[in-house]
Amino acid sequence: MIRVMLVDDHPVLRYGMAGLIDTQDDLSVVAQTGDVDEVILLAATQTPDVVLMDLDLGAEISGIDLTARLRAESPGTRVLVFTTYDTDADIVRAIEAGATGYFLKDSRPADLFAAIRSAAAGISALSPTIATRLLGRTQKPDETLTAREIEVLELLARGYSNKELGHALFVSEGTVKSHLHHIYTKLRVDSRGAAIAHAVREGIVRI
């Protein structure tokens, strides 16, 4: 039996997912919560094999932050991100945080069940849309933004100046300018506004 824990701040969706997952003979929902403060404790006491993690939990701490903490404190538990967000920024950060898989909420139930089983076995599970985005990143390395460049773009979209970017990333303004130059080159733009517009339009970041 694969033990599943649900982390989502929408109770109706959470209860609905629990009922859906429990229709499978080999899957059992052993815990569910929308409270970020309960996540680590529940994972420790209920020992789920897979945590189905939303990214936006309506709190200062995100699903990505919780994924990193879970992987550090409960290494035997796999995290399968289950969200509506499909930007490069979210995908890259989730994978770097240790997520075993990344699935979108518009997926078919049968595909989600298969993803949970794969995650429990330690096998990467990705929605077709997510797999396509990741494949695109590997096929065009010269045009693909690095994780740090995506981070710079996210802060840029929030209105950070070069000086503020440097403070936030603990780098010099010269390094910030270098990152911006690489971003502009890869996106084929020549200004901050154009870079942000392109990144949002192409699903690289969200604002």
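Relevant structure appears above.
**Comments concerning empty space enclosed by the protein**
Once rolled over the atoms, a probe with the size of a water molecule shows which space is left empty. A full pass over the atoms with the stated rule returns 1 cavity of 30 Å³ or more. The calculated volume of the largest cavity comes to roughly 70 Å³. Along its surface, the largest cavity is lined by Leu6, Val7, Asp8, Leu13, Arg14, Met17, Leu52, Met53, Asp54, Phe82 and Lys105. Contributions of two or more residues to the lining of the largest cavity are made by β1 (2–7), α1 (11–21) and β3 (50–53). Take the lining of the largest cavity: its biggest share by element is 3 residues, from α1.

**Structural notes on the layout of surface pockets**
In this model, the largest pocket occupies a volume close to 460 Å³. Together, 23 residues line the largest pocket, and Asp90, Arg93, Glu154, Arg158 and Arg206 are the ones closest to its centre. The set of elements that each furnish at least two residues to the lining of the largest pocket consists of α4 (88–97), α7 (147–157) and α8 (162–169). In terms of residue count, α7 provides more of the lining of the largest pocket than any other element does, 6 residues in total. Class assignment of the residues belonging to the lining of the largest pocket gives a composition of 13 nonpolar, 2 polar and 8 charged. The calculated volume of the second largest pocket comes to roughly 400 Å³. Elements with a minimum of two residues in the lining of the second largest pocket: α6 (128–139) and α9 (173–187). In terms of residues, the lining of the second largest pocket owes the most to one element, α6, which gives 3 residues.

Analysis parameters
Residues numbered from 1 in each chain as written. Predicted model: local features only at pLDDT ≥ 70, side-chain atom pairs only at ≥ 80, totals over all residues. Heavy atoms only, no water. 1 Å grid on protein atoms, 1.4 Å probe; cavity = no way out; pocket = protein on both sides within 12 Å on 5 of 7 lines; lining within 4 Å. Points joined across faces, edges and corners; volume = space filled by probe spheres on them. Helix = DSSP H or I, 4+ residues; strand = E, 2+ residues; numbered from the N terminus. Nonpolar A, V, L, I, M, F, W, Y, C, P; charged D, E, K, R; others polar.

Nothing here speaks to function; it is all geometry.
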